[in-house]
Structure formats: C-alpha cells, structure tokens
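Letter by letter, the chains look like this.
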Amino acid sequence: MQIIDGKKVSEFFREDLKSKITDFYAESGRRPRLVVIIVGNDPASEIYVSNKAKAAAEVGIVSETVRLNETIGQAELENVIWGYAKDDITDGLLVQLPLPKHLNAERALALIPDDKDVDGFSVGNTGRLCRFTGDGIYPCTPSGIIQLLKYYDIPLSGKRAVVVGRSNILGKPVALMLLNEDCTVTVCHSKTKNLKEITLTADILVSAVGKKNVITADMIKDGAVVIDAGITRESGKIYGDVDFTEAAKKVSYITPVPGGVGPMTITMLMINTYQVAVNHNEKR
Ligand code: NAP
C-alpha cells in the first residue's frame, strides 16, 4: 500500500510553477495577478483566503484580497465584481464561497468572464470540460485529483471509477475528468441505492461527500485506489470520508486526510492563474 502524498506532489508543482512565473516575468515584465473577493468573515473562508494569498506570494503571483462587508447588497457586490471582470490588469478573479445567505451566488459568479474564471466554475468552462476541448480552465480540486493520479503513474484508461458525490465543484467535474482519461465512470449520490454494491466495483474510488466514515473498508475492493476529498471538522480535527485505518490495509494507493487532496487545490488555483495570465498575454 502506498500513501499518496499531496504535500509532496503539491511542492513539486509549486517549484515548477515558480520557475515558469520567473520566465513569464522576464518575458512580459509583469506577474500574473489574482483577485479574491470575500464577503463577511466566515472563519473557514478567512483561512482559505489567507492560504491563497500566501501561496500566490510563494510562487510569484500578485494577489489582492477584496474584503466586503457582510451586509453588502446584491447590486453593490455585482458592481465590485464587474469592475474586476472588465479591467485589463486582472488575470484571475474569484469570489470566495459560501456567500452570506441573502446574496445570490449564481448571479454573482455569472459576472466572472470565462477568461478570468480561475475556479473553473463558469458555464463556458464547464461546457469546455464537458466537451473535452482541452482549452478551458477547470475546477481546482478535481484537477488536483487527476494530477495526483498521474504523478503516481496510476493507470486510468479502461479502469472502473466510482465517484461518490455529484456537486458542481467536485463530484461532477472529477467524474468528467476521469471519463476524459478513458475510465468507465459511475457517479453516486445521496439517493443511490446499494452504494456498497457499486463502490465494490471501483478500481478507482473517489469520495467527495463530507461525512466521516461514509466509506468503510468493506465497501472497497482489494487493491483499489482510494481518493478521499471529504473534509469533516470535529473537535478541532479534520477527517475524510473514508475509514482510513481499515481501508489502508486493503488498498493499493490511498490519500490521507489531511495531506492528500487538500494541498493540491490551492496549487491548482495558482496554476490556473498562471494559465489565464499566459492566455491574456497572447491576446492583449
Ligand atoms: P456537497 O455540495 O455537499 O456535495 C456532497 C455530495 O455528497 C452530494 O452530491 C450528495 O448527494 C452526496 N452525498 C451526501 N450524503 C451521501 C451519502 N450518504 N452517500 C452518498 N452520497 C452522499 O459538497 P462538495 O462541495 O462537493 O464537497 C464534498 C466534500 O469535499 C466536503 O467535505 C468538502 O469540504 C470537501 N472539499 C474538499 C476540498 C479540498 O480542497 N480538499 C475542496 C472542495 C470540497 P446529493 O447530490 O444527492 O445531495
């Protein structure tokens, strides 16, 4: 059994990115620029946003965090987003989710143009992912999962993949990416009957639910590759979806939580920011 070390892989990608950004700066005289908009002060969002700013500084991306008051109205929020959406200095633009309940996230996110959509959530980029055009910007956590599998040379073509979870940010895009890698993919969710029967068929099992121990060892085929994207916070500790201790005894590869999928997400965001900056330089 081998543990998939997300910290190590993430470090590898960040080093590579640092040198690409150094070259980018030498050629263009500018650095990729990322704008992160945060509304209110949700503690988890604060941590994510400060980690994004730290990662950006580490790889040579200029980042700006725009802090907006919890009570901001929809129109005012949309004005702020629109300002960054239409300027010609911002490369990557994202709105940290979740937004306070009185705000319409779909409408706010719809203002982010495809070419600045570093989260890969826009309808246009989702369509590119769906069509396998290869020229879109794709969601960070799913991309990170695919990069982890590739880094460890895990064969994907022809394998049976089961994804548990079907959210727009994680389950659905990772299922599409695995399909694009020629896996035979099944997607499960909260209404799936006989989940265990399906997970037991998986050569590659991706769990993206957010419930501790929703995947127990008896639901995993011997020798399977298990990717655990789930995060549950309990008494100051972080748990994944998979019963790691028991599962580790029968799998070929497994991601720990923390230290597996998590570190890749922000790294992929940095890679997306660099990519949109390169695209902008070609156009501007
Ligand atoms: P989400 O929107 O809440 O989606 C959860 C999915 O799990 C839904 O599709 C839901 O089904 C399904 N589900 C719930 N209970 C289930 C059960 N008992 N059996 C099978 N499926 C079940 O969550 P998300 O945004 O995709 O995130 C999923 C997890 O990944 C969370 O823990 C989140 O914190 C974590 N996450 C981690 C990272 C990272 O960087 N590591 C990034 C993003 C998210 P329905 O569709 O039927 O409701």
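Data block above holds the structure.
Residues numbered from 1 in each chain as written. Predicted model: local features only at pLDDT ≥ 70, side-chain atom pairs only at ≥ 80, totals over all residues. Heavy atoms only, no water.

Student: Just give me the short version of the pattern of salt bridges, but keep the residues and values in it.
Tutor: Applying the stated criterion to the full structure yields 14 salt bridges. Across the salt bridge formed by Arg30 and Asp91, the nearest N and O atoms sit 2.9 Å from each other. Of this pair, Arg30 sits in the loop between α1 (6-28) and β2 (33-39) while Asp91 sits in the loop between α3 (74-86) and β4 (92-95), and the two are 61 residues apart along the sequence. Judged by relative accessible area, Asp91 falls into the buried class, the value being 0%. For Glu234, the salt bridge identified is with Lys212, shortest N-O distance 3.0 Å. In this pair, Glu234 is assigned in strand β9 (residues 232-234) and Lys212 in the loop between β7 (204-207) and β8 (225-228), connecting sequence segments 22 residues apart. Accessibility expressed as a relative area gives 34% for Glu234, which makes it partly exposed. (Salt bridge = Lys/Arg side-chain N within 4 Å of Asp/Glu carboxyl O. Helix = DSSP H or I, 4+ residues; strand = E, 2+ residues; numbered from the N terminus. Buried < 20%, exposed > 50% of the residue type's maximum accessible area, 1.4 Å probe, protein only.)

Student: So what's going on with the nonpolar core? Which residues, and what values?
Tutor: Generally speaking, a soluble globular protein has its nonpolar side chains buried in company with each other. The biggest cluster of nonpolar side chains holds 53 residues, and the ones touching the most others in it are Leu34, Ile145, Leu149, Leu178, Val206, Ile227 and Met270. Counting residues per element, this core draws most heavily on helix α10 (residues 262-283), at nine residues. Residues in contact with Leu178, not counting those within four places in the same chain, are Ile146, Leu149, Ala161, Val163, Cys183, Val185 and Val206. (Core = buried A, V, L, I, M, F, W, Y, C linked by side-chain atoms within 4.5 Å. Contact = heavy atoms within 4.5 Å.)

Student: Describe in detail unusual backbone geometry, supporting the description with residues and values.
Tutor: Pro98 follows Leu97 through a cis peptide bond whose omega is 0°. Tracing the backbone shows Pro98 in the loop between β4 and α4 (105-109). A cis geometry characterises the amide bond from Val257 onward to Pro258, with omega recorded as 0°. Mapping Pro258 onto the fold places it in the loop between β11 (253-254) and α10. Notably, Asn213 is not glycine yet its phi reads approximately 60°, a positive angle. If you trace the backbone, Asn213 turns up in the loop between β7 and β8. For Asn213, a relative accessible area of 36% translates into the label partly exposed. The backbone phi angle of Ser235 is positive, close to 45°, even though this residue is not glycine. Note that Ser235 resides in the loop between β9 and β10 (237-239).

Student: Before we move on, can you summarise the packing of α1 against helix α2 (residues 43-59) with the specific residues and values?
Tutor: The N-to-C vectors of α1 and α2 enclose an angle of 55°; their axes lie 8 Å apart at closest approach. Viewed along their axes, α1 and α2 adopt a mutual orientation that is oblique. Between α1 and α2, the contacting residues are Glu11, Arg14, Leu17, Lys18 and Ile21 on the first element and Ala55, Glu58 and Val59 on the second. Split into classes, the residues belonging to the contact of α1 with α2 amount to four nonpolar, no polar and four charged. (Axes fitted to C-alpha atoms, helices over the stretch in contact; angles between N-to-C directions. Parallel < 35°, antiparallel > 145°, perpendicular 65-115°, else oblique. Nonpolar A, V, L, I, M, F, W, Y, C, P; charged D, E, K, R; others polar.)

Student: Just give me the short version of the pairing of β7, but keep the residues and values in it.
Tutor: Here β7 shows no split at all, with Ile204 and Val206 on one side and Leu205 and Ser207 on the other all buried. Across four bridges, strand β5 (residues 160-164) lies against β7 in parallel orientation. Among the inter-strand pairings, Ala161 is bridged to a residue of β7, identified as Ile204. Of the pairings in the sheet, the one linking β7 to β8 comprises four bridges and is parallel in character. Bridged to Ile204 within β8 is Val225. (Pairing = 2+ DSSP bridges.)

Student: Give a detailed account of the site of the ligand, specifying residues and quantitative values.
Tutor: Residues in close proximity to the ligand total 21 residues, the closest being Arg166, Ser167, Ser190, Ile231 and Thr265. In this structure, an oxygen atom belonging to the ligand sits 2.7 Å away from a side-chain N or O atom of Thr265. With the chains in place, 70% of the 930 Å² that the ligand exposes on its own is no longer accessible. Class assignment for the residues of the shell around the ligand results in ten nonpolar, nine polar and two charged. (Near = heavy atom within 4 Å. Polar contact = N/O pair within 3.5 Å; in protein donor to acceptor, adjacent residues only side chain to side chain. Areas by Shrake-Rupley, 256 points an atom, 1.4 Å probe, with all protein chains shown as cover.)

In short, the description is geometric, and any link to function would need to be established separately.
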